[in-house]
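Summary of the model geometry
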Amino acid sequence: MTNIIGMAVRRISGIILVLLGIAYYYANTQNYNIPQFDLPQWVHSPVFYGVYLLITVWCWLPVLVTIPSRRTVDLTPAPAQQFEQPSTVGQTGWGEPFEMPPGSGQWHMQGYGQYWVWSTEQNEWIVYEQ
């Protein structure tokens, strides 16, 4: 995650540097004179312009991120599974049962893209319908 954050900070820094460069160039060509804001003399040197340009270009260089091979990442869909009986839900891979609202004694579970509720009359999980 820090690699993504680092790339984003580099891009934003590059945008800021480009905008500052455009503002400085425009102010310099229009002969703006702001007495409260005076830059040091070394800012007007060619070395500063070169370093500024080098840092700006570095901010915009693409960051090469390694992409795993197809042998490493398997994106093929899993084969279809057989339907499990709701009474064996605990052994399958469904979500863990939860009590909703807490303390009510009504147990729910999520599986096959829907909610299931425990029926004490039938002693099995049934589809939850509102």
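To be clear, the structure that these remarks concern was listed above.
Let me begin by describing the structure that accompanies this report. (Residues numbered from 1 in each chain as written. Predicted model: local features only at pLDDT ≥ 70, side-chain atom pairs only at ≥ 80, totals over all residues. Heavy atoms only, no water.)

A closer look at the overall build of the protein
Counting its secondary structure elements, the protein contains two helices and four strands. Burial status across the protein gives 13% buried among its 130 residues. Element-wise, carbon and sulfur atoms account for 63% of the exposed surface of the protein, whose accessible area totals about 11200 Å². (Helix = DSSP H or I, 4+ residues; strand = E, 2+ residues; numbered from the N terminus. Buried < 20%, exposed > 50% of the residue type's maximum accessible area, 1.4 Å probe, protein only. Areas by Shrake-Rupley, 256 points an atom, 1.4 Å probe, with all protein chains shown as cover.)

As for unusual backbone geometry
Even without a glycine there, the phi angle at N31 is positive, about 55°. Following the sequence through the fold, N31 ends up in the loop between α1 (2-29) and α2 (46-60). Even without a glycine there, the phi angle at N123 is positive, about 55°. For N123, a relative accessible area of 54% translates into the label exposed.

Topic: the pairing of strand β3 (residues 114-119)
In this structure, strand β2 (residues 107-111) lies alongside β3, joined through four bridges in antiparallel fashion. Paired with G111 across the bridge in β3 is Q114. The pairing of β3 with strand β4 (residues 124-127) spans four bridges and is antiparallel. Bridge pairing in β4 links S119 to E124. The antiparallel hairpin formed by β3 and β4 contains four residues in its connecting segment, where N123 sits at a positive phi of about 55°. (Pairing = 2+ DSSP bridges.)

Thoughts on the sheet that holds β4
Read from one edge to the other, the open sheet built from four strands follows the order β1-β2-β3-β4, with strand pairing classed as antiparallel. Two strands bound the open sheet, and with one partner strand each, they are β1 (98-99) and β4. Across two bridges, β1 lies against β2 in antiparallel orientation. Bridged to F98 within β2 is H108.

What to know about the side chain of S119
Residue placement: S119 occurs in strand β3. Judged by relative accessible area, S119 falls into the buried class, the value being 7%. Those residues in contact with S119 that lie beyond four places of it in its chain are E124 and I126. (Contact = heavy atoms within 4.5 Å.)

Brief notes about the packing of aromatic side chains
Going through the model one piece at a time under the given rule, you end up with six aromatic pairs. Feature note: the residues Y24, W42, F48, Y49 and Y52 constitute an aromatic cluster, connected by ring pairs. The ring of W58 is capped by R10, whose NZ or CZ atom sits 4.2 Å from the centre of that ring. (Phe/Tyr/Trp six-rings, centres within 6.5 Å; stacked < 30°, edge-to-face > 60°. Lys NZ or Arg CZ within 6 Å of the ring centre and 35° of its normal.)

Comments concerning a nonpolar patch on the surface
Among the surface-exposed residues, I15, V18, L19, I22 and W60 lie close enough to one another that they form a single nonpolar patch of about 470 Å² accessible area. If one sorts the elements of the nonpolar patch by residue count, α1 sits on top with four residues. Assignment of secondary structure puts W60 in helix α2. (Patch = residues over 30% accessible without salt bridge, like charges linked within 9 Å, V, L, I, M, F, W, Y side chains within 5 Å. Salt bridge = Lys/Arg side-chain N within 4 Å of Asp/Glu carboxyl O.)

Topic: the environment of R11
Checked against the element boundaries, R11 lands in helix α1. Given the relative accessible area of 26%, R11 is considered partly exposed. Sequence separation between R11 and P62 is 51 residues, and the spatial gap between their C-alpha atoms is 9.6 Å. Not counting residues up to four positions away in its chain, the partners in contact with R11 are C59, W60, L61, P62 and V63. At a separation of 2.7 Å, a polar atom in the side chain of R11 contacts the main-chain carbonyl oxygen of C59. (Polar contact = N/O pair within 3.5 Å; in protein donor to acceptor, adjacent residues only side chain to side chain.)

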